[in-house]
There are 2 protein chains.
Amino acid sequence: MFSKACQYAIRATVLIAMEGRNGRRMSLVDIAQSTGSPPAFTAKVLQQLARAGILDSTKGPNGGFDLTPAKARKVKLSMVVKAIDGDDVYKGCGMGLPQCNAKKPCPLHDHFQQVRDDLRRMLEGTDMHTLSLGLDAGTTYLKR
Amino acid sequence: MFSKACQYAIRATVLIAMEGRNGRRMSLVDIAQSTGSPPAFTAKVLQQLARAGILDSTKGPNGGFDLTPAKARKVKLSMVVKAIDGDDVYKGCGMGLPQCNAKKPCPLHDHFQQVRDDLRRMLEGTDMHTLSLGLDAGTTYLKR
DNA sequence: TCTAATTCGGATAAAACTATCCTAAATTTG
DNA sequence: CAAATTTAGGATAGTTTTATCCGAATTAGA
Ligand code: FES
Ligand code: FES
């Protein structure tokens, strides 16, 4: 469904949002540690998110990545997915035709569109702040 | 969502199912032509499907790939997807944790599970015969 | 039986994705 | 100002996916 890069991006952003609720910033190594993702590769992913304006980064001692609760409420899952994988997964044709087009639909169109639009609504309606709530409550986990 | 190989597989299988309704077989080059997919690569994909028992192949003159209407009704989309991409897309964790596990869920679990299960139900409930019906009716298309 | 058509399988190559490493730049702290 | 910390960015590898090519095997038909 999502690429590894995108899954790392989601895990990291949710974690940073949780830490942001305590007014803290997180360093790359802590993020990689807590999400069980490869540090160097995760660095690239976080840089993409920072460039996309999805999270803020600070260099130097006590630097790292952060996301204020106010901003975390505005950052939807769809924005993270789009920044890393593009929006094809929740907007494209399921059978790979150049564009989904109801006027000239693929055989799967009617069946697929429903599921895909549910996915799109879910991604566009879910924000990072919400996803981060279960983490320190101990009801959800970022790695196993 | 699905890999290119899997999209080619779906397009090809639907087409073969349509031709099967007329009791005909289709050759690789005709399939590649009608679905707009690269012939050599499509060959590999079709071989996988044949090995998986999803469609039948015949060598020699007038050979090709075929799928009887009776069998096309039994071949679900999920079988094609699983044969090419595996079942992770409709069974795995959205954030990439090793397994989706409701006892130790990722932050996305509740949101994602619904969409993913809708996808699974759609894939498991849609058969190739049904998908092929619109093709010769001219209401659906395999390429643009 | 010979030939042509066609899939099968292996080898190979190109592109994309995943991953690592190293140096530069920025920032805090002493 | 110097040193330490931390992200940024470029270079480079390894792996997987996508794609092509070619010869072998099989089969229909002349
Ligand atoms: S045309 Fe294929 S999903 Fe709409
Ligand atoms: S644990 Fe992640 S989707 Fe179920």
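Up top is the structure these notes are about.
Calculation rules
Residues numbered from 1 in each chain as written. Chains lettered and ligands numbered in written order. Predicted model: local features only at pLDDT ≥ 70, side-chain atom pairs only at ≥ 80, totals over all residues. Heavy atoms only, no water. Near = heavy atom within 4 Å. Polar contact = N/O pair within 3.5 Å; in protein donor to acceptor, adjacent residues only side chain to side chain. Helix = DSSP H or I, 4+ residues; strand = E, 2+ residues; numbered from the N terminus. Nonpolar A, V, L, I, M, F, W, Y, C, P; charged D, E, K, R; others polar. Contact = heavy atoms within 4.5 Å. Least-squares fit on C-alpha atoms with pLDDT ≥ 70 in both. Salt bridge = Lys/Arg side-chain N within 4 Å of Asp/Glu carboxyl O. Buried < 20%, exposed > 50% of the residue type's maximum accessible area, 1.4 Å probe, protein only. Lys, Arg positive; Asp, Glu negative; His and termini not counted. Expected span 1.5 Å × (residues − 1).

S.K.: Could you clarify how one ought to interpret the protein's contact with DNA strand D in this entry?
M.R.: Around DNA strand D sit 25 residues, and of these Leu28(A), Lys44(A), Arg51(A), Ser57(A) and Pro61(B) come closest. For DNA strand D, the fraction of atoms within 4 Å of the protein that belong to sugar or phosphate moieties is 61%. A distance of 3.4 Å separates a base oxygen of DNA strand D from a polar backbone atom of Pro61(A). Counting only elements with at least two residues in the surface near DNA strand D, the list comes to helix 3 (39-51), strand 1 (56-58) and strand 2 (64-66) of chain A together with helix 1 (4-21) and helix 3 (39-51) of chain B. For the surface near DNA strand D, the residue count by class is 9 nonpolar, 10 polar and 6 charged.

S.K.: Explain the environment of Leu108(A) here, please?
M.R.: Locating Leu108(A) in the fold gives a position in the loop between helix 6 (88-91) and helix 7 (109-125). Residues Leu108(A) and Gly63(A) lie 45 residues apart in sequence; the distance between their C-alpha atoms is 48 Å. Setting aside chain neighbours within four positions, we find Leu108(A) in contact with Met95(A), Leu77(B), Met122(B) and Leu131(B).

S.K.: Help me out: how do you make sense of the relation of the copies chain B and chain A in this one?
M.R.: Applying a rotation about an axis and a shift along it to one chain copy brings it onto the other copy. Expressed as a screw operation, the relation of chain B to chain A combines 0.0 Å of axial shift with a rotation of 180°, fitting to an RMSD of 0.1 Å. Both chain copies can therefore be described as sitting about a two-fold axis. In terms of C-alpha distance to the rotation axis, chain B has Met1(B) as its closest residue, with the C-alpha 2.3 Å off the axis. A high fraction, 100%, of the interface residues of chain B reappear at the interface in chain A, so the copies pair face to face through one surface.

S.K.: How should the interface of chain B and chain A be read in this particular structure?
M.R.: Many analyses report the size of an interface as the accessible area lost when the parts associate. Listed per partner, the contact involves 37 residues of chain B and 37 residues of chain A. At the boundary of chain B and chain A, one finds 0 salt bridges. In this assembly, chain B and chain A are joined by 8 residue pairs in polar contact (both at pLDDT 80 or more). Put simply, the parts of the chain that give the side of chain B that touches chain A at least two residues each are helix 1, helix 7 (109-125) and helix 8 (128-137) of chain B. Looking at the side of chain B that touches chain A element by element, the count peaks at 6 residues for helix 7 of chain B. Classifying every residue of the side of chain B that touches chain A gives 23 nonpolar, 9 polar and 5 charged.

S.K.: In this structure, what is going on with the pattern of salt bridges? I would like to understand it.
M.R.: Side-chain pairs of opposite charge can arise whenever the charged atoms involved come near each other. All names here are of chain B. This structure, assessed with the given rule, holds 20 salt bridges over all chains. In this structure, arginine 25 and aspartate 66 form a salt bridge, with 3.8 Å as the shortest nitrogen-oxygen distance. You can see arginine 25 sitting in the loop between helix 1 and helix 2 (28-35) and its partner aspartate 66 sitting in strand 2 (residues 64-66), a full 41 residues away along the chain. By relative accessible area, which is 15% here, aspartate 66 ends up buried. Among the ionic pairs, aspartate 87 bridges to lysine 82, the shortest N-O distance being 4.0 Å.

S.K.: Honestly, the protein's contact with DNA strand C in this entry has me stumped. Any pointers?
M.R.: Every one of the 25 residues lining DNA strand C counts as a neighbour, but Tyr8(A), Pro61(A), Leu28(B), Lys44(B) and Ser57(B) are closest to it. Atoms of DNA strand C within 4 Å of the protein belong to the sugar or the phosphate in 60% of instances, the rest to bases. Within the contact set of DNA strand C, a phosphate oxygen lies 2.7 Å away from a backbone nitrogen or oxygen of Leu28(B). Within the contact set of DNA strand C, a phosphate oxygen lies 2.9 Å away from a side-chain nitrogen or oxygen of Arg51(B).

S.K.: Is there a simple way to think about the side chain of Arg11(A) in this case?
M.R.: By secondary structure assignment, the location of Arg11(A) is in helix 1 (residues 4-21). At 10 Å, Asp88(B) is the nearest oppositely charged side chain to Arg11(A), a buried residue that forms no salt bridge. Polar side-chain contacts of Arg11(A) include one of 3.1 Å to the backbone oxygen of Thr35(A). If we skip the residues at most four places from it in the chain, Arg11(A) touches Thr35(A), Gly36(A), Ser37(A), Leu142(A), Met95(B), Gly96(B) and Leu97(B).

S.K.: Even after reading the chapter, I still don't get helix 7 of chain B, so can you show me in this structure?
M.R.: Think of an α-helix as 3.6 residues a turn; residues three or four steps apart then line up on the same face. In this model, helix 7 of chain B (17 residues) spans 23 Å end to end at C-alpha, consistent with the 24 Å of a helix rising 1.5 Å per residue. On the buried face of helix 7 of chain B, the contacting elements are helix 7 of chain A together with helix 5 (77-85) and helix 6 (88-91) of chain B.

S.K.: Which parts of the structure should I look at to understand helix 8 of chain B?
M.R.: Taken together, the buried positions of helix 8 of chain B are Met128(B), His129(B), Leu131(B), Ser132(B), Gly134(B) and Leu135(B). Where helix 8 of chain B is buried, its residues touch helix 7 of chain A together with helix 1, helix 4 (69-74) and helix 5 of chain B. Regarding helix 8 of chain B, its N-cap is Asp127(B), as a side-chain oxygen of that residue lies 3.0 Å from the backbone nitrogen of His129(B) further along. Directly after helix 8 of chain B, the chain includes Gly138(B), whose backbone phi takes a positive value near 80°.

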